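These are the residues of each chain, in order.
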Number of protein chains: 2
Amino acid sequence: MLQYVADPDSGLDRVFHALADGSRRWMIERLCAGPATVSDLAEPLPMSLSAVVQHIKVLEAADLVRTQKTGRVRTCELRAEALRPVDRWIADRQRMWADAFDRLGELLTDEARTTSQEDMT
Amino acid sequence: MLQYVADPDSGLDRVFHALADGSRRWMIERLCAGPATVSDLAEPLPMSLSAVVQHIKVLEAADLVRTQKTGRVRTCELRAEALRPVDRWIADRQRMWADAFDRLGELLTDEARTTSQEDMT
């Protein structure tokens, strides 16, 4: 039986939480094209600058974005490598799921074989 | 410039939110091995049955889990296909990021070539 091991400081929690919002996902998409200032990121978004700053803080907490202040301008940069553990988690689950399906397939084949052998006796 | 298009009813929001909790991720992991009753899922978790039921509701809302009641027993089953849009979103971003890096590499190569040609004149 699969054991449950609590992980109270999971980076995965923070990354999944950061990605659970359309505005934050859009910011990541925008930053894939290259660094942007907070004003650049805020410009097309239908929200206040302070709301944008809050969203950026969530992305920073998840280590998805790094910001740097030069004079009065804060620039945001994507840390795309922070997506890797999330990517890995999903890929691992999809593999576990596919393996379970394969095992089920083998079981059903074995069962069909046994039934057809019994029919022949 | 990348446009922002709000998507108020995004399934992605719900799936990422559902995955942003270690207990819920553990439930998905457990259900990869096959269906389980609510009691099976609750057994190793350090929380009340009603907290477990709340987590299952979040997984159901994200369409990651389907439940069925037979008599007094509720069984949970994984809908692994609900992970696919999340998987696709991450893969697309990683590709956008890699493309941006390739473009940057080309720009730097072009620049180096121009500089070295200038040096030769």
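It should be noted that the structure appears before, not after, this text.
Here the residue index of a chain counts from 1 through its sequence in written order. Chains and ligands are labelled sequentially in the order written, the chains with letters from A and the ligands with numbers from 1. In keeping with the model being predicted, local features are shown solely for residues with a pLDDT of at least 70 and side-chain atom pairs are shown and tallied solely at 80 or more, while totals for entire chains, interfaces and linings include all residues. To get the side-chain values, all heavy atoms of the structure are used, and hydrogens and water are removed first.

(A) Spatial organisation of the packing of helix H2 (residues 22–32) of chain A against helix H4 (residues 49–61) of chain A. Residues and elements named next belong to chain A. Fitted lines through C-alpha atoms serve as axes, helices being fitted only where they are in contact, and the angles separating the N-to-C directions of these axes extend from 0 to 180 degrees. Secondary structure elements are taken from DSSP: a helix is a run of H or I of four residues or more, a strand is a run of E of two residues or more, and numbering for both begins at the N terminus. Look at H2 against H4: their axes get within 10 Å of each other, and the N-to-C directions meet at 70 degrees. In terms of axis orientation, H2 runs roughly perpendicular to H4. Contacts from Ser23, Arg24, Met27 and Ile28 in H2 reach Val52, His55, Ile56, Val58 and Leu59 in H4. Counted by class, the contact of H2 with H4 contains 6 nonpolar, 2 polar and 1 charged residues. Small angles under 35 degrees read as roughly parallel and large ones over 145 as roughly antiparallel, with 65 to 115 read as roughly perpendicular and the rest as oblique. The criterion used for residue contact is that any of the two residues' heavy atoms lie within 4.5 Å. Throughout this entry, Asp, Glu, Lys and Arg are counted as charged residues, while Ala, Val, Leu, Ile, Met, Phe, Trp, Tyr, Cys and Pro are counted as nonpolar. The remaining residues, Gly among them, count as polar.

(B) Here's a closer look at the relation of the copies chain A and chain B. Least-squares fitting of chain A to chain B yields an RMSD of 0.1 Å, with the superposition described by an axial translation of 0.0 Å and a rotation of 180 degrees. Both chain copies can therefore be described as sitting about a two-fold axis. Comparing interface residues between copies, 100% of those in chain A also lie at the interface in chain B; the contact surface is shared. When the copies are superposed, the least-squares fit draws on C-alpha atoms of residues that have pLDDT of at least 70 in both.

(C) Summary view of the sheet that holds strand S1 (residues 36–37) of chain B. Residue and element names in this part refer to chain B. Following DSSP output, two strands are said to pair if at least two bridges run between them. The 3 strands lie next to each other as S1-S3-S2, forming an open sheet whose pairing is antiparallel. For this open sheet the edge positions go to S1 and strand S2 (65–70), each flanked by a neighbour on one side alone. Relative to strand S3 (residues 73–78), S2 runs antiparallel, the two sharing 6 bridges. Residue pairing across strands places Thr70 opposite Val73, the latter belonging to S3.

(D) The arrangement of a positive patch on the surface in detail. To count toward a patch, a residue needs a relative accessible area over 30% and no salt bridge; like charges are then connected within 9 Å, while nonpolar side chains (Val, Leu, Ile, Met, Phe, Trp, Tyr) are connected within 5 Å. Areas reported here follow the Shrake-Rupley algorithm with a probe of radius 1.4 Å; residue values treat only the protein chains shown as occluding. Definition used for salt bridges: Asp or Glu carboxyl oxygen within 4 Å of a side-chain nitrogen of Lys or Arg. When charges are tallied, Lys and Arg are placed among the positive residues and Asp and Glu among the negative ones, while His and the ends of the chain are skipped. We put the charge of a Lys on NZ, of an Arg on CZ, of an Asp on CG and of a Glu on CD. Taken together, the side chains of Lys57, Lys69, Arg72 and Arg74 of chain A define a basic patch exposed on the protein surface. Burial status follows relative accessibility: with a 1.4 Å probe on protein chains alone, a residue under 20% of its type maximum counts as buried, one over 50% as exposed, and anything between as partly exposed. Given a relative accessible area of 46%, Lys57 of chain A falls into the partly exposed group.

(E) The interface of chain A and chain B, seen in detail. Listed per partner, the contact involves 37 residues of chain A and 37 residues of chain B. Buried area is a sum: the accessible area each of two parts loses on coming together, probed at 1.4 Å, counted once for each and added. Contact with chain B buries surface across chain A, with Tyr4, Arg25 and Trp97 of chain A losing the most and accounting together for 20% of the total. For the pair chain A and chain B, the number of links is 4 salt bridges. Between Arg25 of chain A and Asp13 of chain B there is a salt bridge whose closest N-O contact spans 2.8 Å.

(F) Inspection of the state of the cysteines at higher detail. Residues and elements named next belong to chain A. The disulfide criterion is simple: two cysteine sulfur atoms within 2.5 Å. By the definition in use, this model includes 0 disulfides over all chains. No disulfide involves Cys32; its sulfur sits 14 Å from that of Cys76, the nearest cysteine. Here Cys32 falls in the buried class, since its relative accessible area comes to 1%.

(G) View of the nonpolar core. Think of a nonpolar core as a cluster: buried Ala, Val, Leu, Ile, Met, Phe, Trp, Tyr and Cys residues, connected wherever their side-chain atoms sit within 4.5 Å. Counting residues in each nonpolar core, the largest one holds 64 residues, and the members touching the most others are Phe16 and Leu64 of chain A together with Phe16 and Leu64 of chain B. Residues within four places of Phe16 of chain B in sequence aside, it is in contact with Phe16, Leu19, Ala20 and Arg25 of chain A together with Val86, Trp89 and Ile90 of chain B.

(H) Quick look at a nonpolar patch on the surface. Taken together, the side chains of Phe101, Leu104, Leu107 and Leu108 of chain A make up a nonpolar region of the molecular surface, amounting to roughly 410 Å² of accessible area. Given the relative accessible area of 45%, Leu104 of chain A is considered partly exposed.

(I) Broad picture of H4 of chain A. All names here are of chain A. Taking 1.5 Å of rise per residue, the 13 residues of H4 would be expected to cover 18 Å, and the 18 Å separating its terminal C-alpha atoms lies within 8% of that figure. Along H4, the residues that are buried comprise Val52, His55, Ile56 and Leu59. Along the axis of H4, the buried residues cluster in a sector spanning 100 degrees; they form a single face. Buried residues belonging to H4 abut helix H1 (11–19), H2, helix H3 (38–42), strand S2 (65–70) and strand S3 (73–78). Here a helix's expected span is defined as the number of its residues, less one, multiplied by 1.5 Å. It is the directions from the helix axis to the C-beta atoms whose arc is reported.

(J) View of the layout of surface pockets. The space that makes up the largest pocket amounts to roughly 370 Å³. Residue assignment for the lining of the largest pocket shows that the elements contributing at least two residues are H2 of chain A together with helix H1 (11–19) of chain B. It is H2 of chain A that contributes the most residues to the lining of the largest pocket, 5 residues altogether. Broken down by class, the residue content of the lining of the largest pocket amounts to 8 nonpolar, 4 polar and 5 charged. Buried and open spaces are told apart on a 1 Å grid over the protein atoms alone, a cavity being a set of points where a 1.4 Å probe fits but cannot get out and a pocket being an open set with protein on both sides within 12 Å along at least five of seven lines. Residues with an atom within 4 Å of a point are the lining residues. Grid points are joined across faces, edges and corners, and a volume is the space filled by probe spheres set on the points.

(K) Representation of the sheet that holds S3 of chain A within the structure. Residues and elements named next belong to chain A. Read from one edge to the other, the open sheet built from 3 strands follows the order S1-S3-S2, with strand pairing classed as antiparallel. Here the strands that pair on one side only, and so sit at the sheet edges, are strand S1 (36–37) and S2. Both S1 and S3 contribute to a ladder of 2 bridges, which runs antiparallel. Bridge pairing in S3 links Ala36 to Cys76.

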